[in-house]
Amino acid sequence: MSESTPYTQVPSTVSRDWAVYFESLPELASLPPLPALGDLEVWRQRNRATEAERLEAGFGDPGPEVEVVECEIGGIPVLDVRPEGWVDDGRALLYTHGGGYVAFTARSTIGNAARVARASGLRVVSIDYTLAPFARWQEITDQVISVLQGLVVEGSSLDQLAIYGDSAGGSLAAGSVLKMRDLGQGMPAAVVMWSPWSDITETGDTYDTLAGVEGSYLYLQHLKPAADAYADPAEQKNPYVSPVYGDYSKGFPPTLIQGGTREIFLSNFIRHYQAMDSAGVEVKLDLYEGMPHGFQNKVTESPEACLAVKKTVEFITSRLVGGPAS
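The structure displayed is predicted, hence computed values, not measured ones. (Residues numbered from 1 in each chain as written. Predicted model: local features only at pLDDT ≥ 70, side-chain atom pairs only at ≥ 80, totals over all residues. Heavy atoms only, no water.)

### A few points about the nonpolar core
Here is a general trend for soluble globular proteins: nonpolar side chains tend to be buried in one another's company. Ranked by internal contacts, the top residues of the largest apolar core, which has 59 residues, are Tyr 101, Val 147, Trp 197, Ile 200, Tyr 230 and Phe 252. Apart from residues no more than four positions distant in its own chain, Ile 200 is found in contact with Tyr 101, Ala 227, Tyr 230, Ala 231, Gln 236, Val 241 and Ser 242. In terms of nonpolar packing, the next biggest core, distinct from the first, is built from 25 residues, Leu 79, Leu 93, Ala 113 and Leu 256 among them. (Core = buried A, V, L, I, M, F, W, Y, C linked by side-chain atoms within 4.5 Å. Buried < 20%, exposed > 50% of the residue type's maximum accessible area, 1.4 Å probe, protein only. Contact = heavy atoms within 4.5 Å.)

### Some remarks on the confidence of the model for the protein
Low-pLDDT stretches of the model should not have their predicted coordinates read in fine detail. Looking at the protein as a whole, the pLDDT averages 93, with 93% of positions reaching at least 70. Confidence drops under a pLDDT of 50 for residues 1–6, and excluding neighbours within four residues, the segment shows 14 contacts in the predicted structure. (pLDDT = per-residue confidence, 0-100.)

### Concerning the sheet that holds strand S8 (residues 190–194)
Spatial ordering of the open sheet is given by S3-S4-S6-S5-S7-S8-S9-S10, a layout of 8 strands whose pairing is mixed. Edge positions in the open sheet fall to strand S3 (66–73) and strand S10 (283–288), since each of these has one partner strand only. On average, adjacent strands in this sheet sit at an angle of 20° to one another, irrespective of strand direction. This element, helix H8 (residues 266–277), spans S8, strand S9 (255–260) and S10 of the sheet and lies at about 160° to S10. (Pairing = 2+ DSSP bridges. Helix = DSSP H or I, 4+ residues; strand = E, 2+ residues; numbered from the N terminus. Axes fitted to C-alpha atoms, helices over the stretch in contact; angles between N-to-C directions.)

### Re H8
The end-to-end C-alpha distance of H8, which contains 12 residues, comes to 16 Å, matching closely the 16 Å that a straight helix rising 1.5 Å per residue would cover. Regarding H8, the residues found buried are Leu 266, Ser 267, Asn 268, Phe 269, His 272 and Met 276. Residues of H8 that are buried sit in contact with helix H5 (168–182), S8, helix H6 (206–209), S9 and S10. (Expected span 1.5 Å × (residues − 1).)

### Focus on the pairing of S8
Most of S8 sits out of view: 5 of its 5 residues are buried. Alternating positions in S8 separate into two faces, Ala 190, Val 192 and Trp 194 on one and Val 191 and Met 193 on the other, with burial throughout. Pairing between strand S7 (residues 161–166) and S8: 5 bridges, direction parallel. If you follow Gly 165 over to S8, its bridge partner there is Met 193. Handedness of the S7-H5-S8 crossover: right-handed. (Right-handed = clockwise from strand over helix to strand, strands pointing away.)

### Quick word on unusual backbone geometry
Put simply, Ala 132 and Pro 133 share a cis peptide bond, and its omega is 5°. Look at Glu 65: it is not a glycine, yet its phi comes out positive at around 65°. Phi is positive for Glu 202, close to 60°, though the residue is something other than glycine. Among the secondary structure elements, Glu 202 is positioned in the loop between S8 and H6. Judged by its relative accessible area of 27%, Glu 202 is partly exposed.

### Focus on the packing of aromatic side chains
Any two aromatic rings considered together are summarised by their centre-to-centre distance and by the angle between their planes. Counted according to the given criterion, the structure contains 12 aromatic pairs. Ring geometry for Trp 18 and Tyr 21: centres 5.0 Å apart, planes at 70°, overall edge-to-face. Taken together, the positions of Trp 18 and Tyr 21, both in helix H1 (residues 16–24) and 3 residues apart, correspond to about one turn of that helix. Overall, Tyr 21 belongs to the partly exposed group, its relative accessible area being 25%. With a centroid separation of 5.8 Å and 65° between ring planes, the pair formed by Tyr 21 and Phe 22 is classed as edge-to-face. Judged by relative accessible area, Phe 22 falls into the buried class, the value being 1%. Joined through ring pairs, the aromatic side chains of Tyr 101, Trp 197, Tyr 207, Tyr 230 and Phe 265 make up one cluster. Lying across the ring of Phe 59, Arg 54 places its NZ or CZ 4.2 Å from the centre. Its end group placed over the ring of Phe 104, Arg 54 keeps NZ or CZ at 3.9 Å from the ring centre. (Phe/Tyr/Trp six-rings, centres within 6.5 Å; stacked < 30°, edge-to-face > 60°. Lys NZ or Arg CZ within 6 Å of the ring centre and 35° of its normal.)

### A closer look at the pairing of S7
Counting buried residues along S7, 6 of its 6 residues qualify, which places the element largely inside the surrounding structure. A two-sided burial pattern is seen for S7, the buried positions comprising Leu 161, Ile 163 and Gly 165 on one face and Ala 162, Tyr 164 and Asp 166 on the other.

### A closer look at helix H3 (residues 110–120)
Across the 11 residues of H3, 9 count as buried, placing the element largely inside the fold. All buried positions along H3 are accounted for by Ile 110, Gly 111, Asn 112, Ala 113, Ala 114, Arg 115, Val 116, Ala 117 and Ser 120.

### Structural notes on the pattern of salt bridges
Scanning the entire structure with this criterion turns up 15 salt bridges. Here Asp 80 makes a salt bridge to Arg 123, at a shortest N to O gap of 2.8 Å. Of this pair, Asp 80 sits in strand S4 (residues 76–83) while Arg 123 is found in strand S6 (residues 123–127), placing the two residues 43 residues apart along the sequence. This pair shows no difference in class: Asp 80 is buried, exactly as Arg 123 is. Here Asp 228 ties to Lys 224 by a salt bridge, and the two come within 2.6 Å at their closest N and O atoms. Residue Asp 228 and its partner Lys 224 are both found in helix H7 (residues 216–230); the two are separated by 4 residues, about one turn of the helix. Looking at Asp 228, the relative accessible area reads 17%, which means it is buried. (Salt bridge = Lys/Arg side-chain N within 4 Å of Asp/Glu carboxyl O.)

Now the structure itself:
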């Protein structure tokens, strides 16, 4: 494959918003490789540069009608996003951001949390978990569980809490809930995964068949080193790391999996759905024609993204105790 490839395939089936987006994208150049696993100072420099670029580009702006409170819950740093008119009735959503476990922060993904807070009217707690390789999966999943437990200590019940995440954050949400279940600590009321990286071993048909679609190959070259930063290769099929391998016959919250038909992770979504559905879990696989990875967070006013967020909010709020449908 060439070093630089243009976006030449614009589906006729997507909205005009997305057609414009695809048509306007420049040629894609190869990404620089990730640092060596043990070179933590180079990782720090990379993370600082990435974060500065994202904040400069406006990704740190939550938009209107929300208040963002920087605090700790369960001893873990979070951004507590509260929509205008919010009333504390115990209900809350937790958000675990994407970035391959090795990039981004709660601040530079704040728009993803704020969008759902505005749409739902609920408090969204965005977890600023420690990035790999500065922490590995054991500690990072514990951090997510600590925030869930911290909200319970503050007065919420688990059936008033739900968790959602995108990409690596979607997998992190599911893996943390599996771990919480197996520790006998209960589970939240619902889980939503946007484009989850449910299997970090790069197993599945679409890793090959969709590798060259919409520049997917550009992040393909980063997946293996990011996976190794998060978990040793021998641990990468642990269900808390790659939740597609989870035993869902032991129970799991109602789950919504969303993704697009242009994602190399499409096999992840299908395999994860089948693992849950065959075990009797209430699970919905919600796929969107022609959409690329993380489409909910990109062309955010498009019909596809708006519908996905609407379905996310309806799925979650209808399952929280204290909500309109409880």
